[in-house]
Amino acid sequence: MSMSSKMKKMLSVMLLVALLTGTLAGCGGSADGSGSADGSAGSDTSSAAETEAGSAQPLEAAENPDDWPVIAVQTLSYDMPDEAMVEEELNNYLISINAGAKVDLVGVNFGDLATQMTLMLSDNQEPLDIFCWRFYSNVDSCVKNEQCISLDPYLEAYPDLWGMYPEKVLKTQQVSGVQYAVPSVDSYATYEVYALRKDIAAEMGIAERDGERITIDELSQIMKDAKALHPEYSYMVNTNNESVIGIDSLGNPNWLGVLMNRGVETTEIVNLYETEAWRDYCNRMKDWNEAGLQLDDPLNNELTITQYNNGVSAGVYLGGYSAEYIKALIAYSPYEPIEFQMSDLVGTSASVLGGWMISSVCKNPDAAMKILYLMSTDEVVARYLILGVEGHNYTVDENGIARYPEGVDSSNATWNMNGPWYYPNQCLSLPLEVEMPNYYTDMLAAPDMAQFSEAMGFIFDSAPVYDQMAACTTIVAEYRDALLYGLVDVDDYLEKFNAELKAAGIDEIIAEEQKQFDAWRAAQ
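Residues numbered from 1 in each chain as written. Predicted model: local features only at pLDDT ≥ 70, side-chain atom pairs only at ≥ 80, totals over all residues. Heavy atoms only, no water.

(A) Representation of helix α3 (residues 83-96). End to end, α3 covers 20 Å across 14 residues, agreeing with the expected 20 Å (1.5 Å per residue, within 8%). Listed in full, the buried residues belonging to α3 are V86, E87, L90, N91, Y93 and L94. In an axial view of α3, the angular spread of the buried residues amounts to 155°, which keeps them on one side of the axis. Turned more than 90 degrees away from the buried face of α3 sit A84 and S96, all of them exposed. Tucked inside the fold, the buried residues of α3 contact β2 (102-107), α14 (365-377) and α15 (379-387). Positive phi shows up at N98, right after α3, with a value of about 55°. (Helix = DSSP H or I, 4+ residues; strand = E, 2+ residues; numbered from the N terminus. Expected span 1.5 Å × (residues − 1). Buried < 20%, exposed > 50% of the residue type's maximum accessible area, 1.4 Å probe, protein only. Arc of directions from axis to C-beta. Contact = heavy atoms within 4.5 Å.)

Spelled out as structure tokens, the structure:
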């Protein structure tokens, strides 16, 4: 039975919200959210997976395509009417290039992602061969749970694949120096903007400042001036923003040890919660709350771009690699924004938003690696996955932009085209329904203009301080949000917060992080 239009629309919105705000959390990690790994991956399903790094050879195709292995590949297009058509067209193309393997496209229901993926990644009868950890887990947790194999045997077999990525990006998909995933191509770096409704900016006489870099003090004044003009709106959706706060969280959502300056040119891991920068930020949030800038009841409200689209908030933080790109992402919104840049273009491990793995239950990893290679490097393969069949699912205009056929949009499309960023290489596709032909070419150039955290690719093994991490995670859950949304007296609440963190062992956590980080840096 096909997914209803309402359900498809909800999925599209959920995926876009996740892209813009990072609200979909991974699962399958350790209790503290950081995960841990011992660097081993369980795979005894083929000789290729057991060979020494670099010793595997590219797949050789059997003469008869009917004898080729069929590789199950995860897609975003769950229960879509055109799955069989896209799969057939893609397989016809694979036969035409003598790929040596065919595909079975497997859509996964995002409403039950954790359960479905866990079951499929342990199914020896009908395994999911190629999967993406995004929204499901993270690299080190997949390794720890023995759900993926090492890709090291294929480093020499597919040199052009690995040469596509900056070294820092490849390291984000490694555990103990072993490559376990192919990164999803992206800008690998983002900056944050504050988007303000253009109609309100025009009333304020500041619409011409679109694209200007401002300080957080200037932002405060802009929001207060807007509130005085239109008190019916809030002007801030979510202040839980690592880029604006200016930290590299080392992958821990509880910020139990961070690098300041987003990790750029700094290697000292600190306790954010006892810094003056954090105290100042909390006092500012208190000021914003008292000025009526934040959403009502933020602890029990949805803190996503939906509040901007629905006209509840007239301003919102958004992230991307350029102002033009960010505007293209929200072109669907009824409210056109102007943007104020709030931070620099910086890459951290959190900027690499996905990675593709070969499962440990895969029966033919050599064939799976060939398909993964083509997904990442072959334009035709990528476009079938991302856009479907040209002339049926989409058309191409004179500017090279993909368009829905007449009478079709995301709510009634028969192939899900709203998640190009999920696949291994979105830049092989075409921009969909945007007025930005350079959407992907600029994305590819973005890393050349970015700065990168010193910790990009570092994975903290929390096992030595597991109890401390668990205890501190509970304390953060009790205290942090109230401070982030200005709901309490800062000095009194922060004193209690820090005292409990100290007693729970945050200093031991940070000492262990610094020890592992220093050893990791020395090994690079």
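Let's pick the thread back up.
(B) Quick peek at the packing of α14 against α15. Direction vectors running N to C along α14 and α15 enclose 85°, while the axes themselves pass 6 Å from each other. Viewed along their axes, α14 and α15 adopt a mutual orientation that is roughly perpendicular. Taken together, the residues of α15 that come into contact with α14 (itself represented by L374, M375 and T377) are E379, V381, A382 and L385. Looking at the contact of α14 with α15 residue by residue, the classes come out as five nonpolar, one polar and one charged. (Axes fitted to C-alpha atoms, helices over the stretch in contact; angles between N-to-C directions. Parallel < 35°, antiparallel > 145°, perpendicular 65-115°, else oblique. Nonpolar A, V, L, I, M, F, W, Y, C, P; charged D, E, K, R; others polar.)

(C) Spatial organisation of unusual backbone geometry. Of note in this structure, F135 is not a glycine but carries a positive phi near 75°. Mapped onto the fold, F135 is located in the loop between β3 (130-132) and α5 (139-144).

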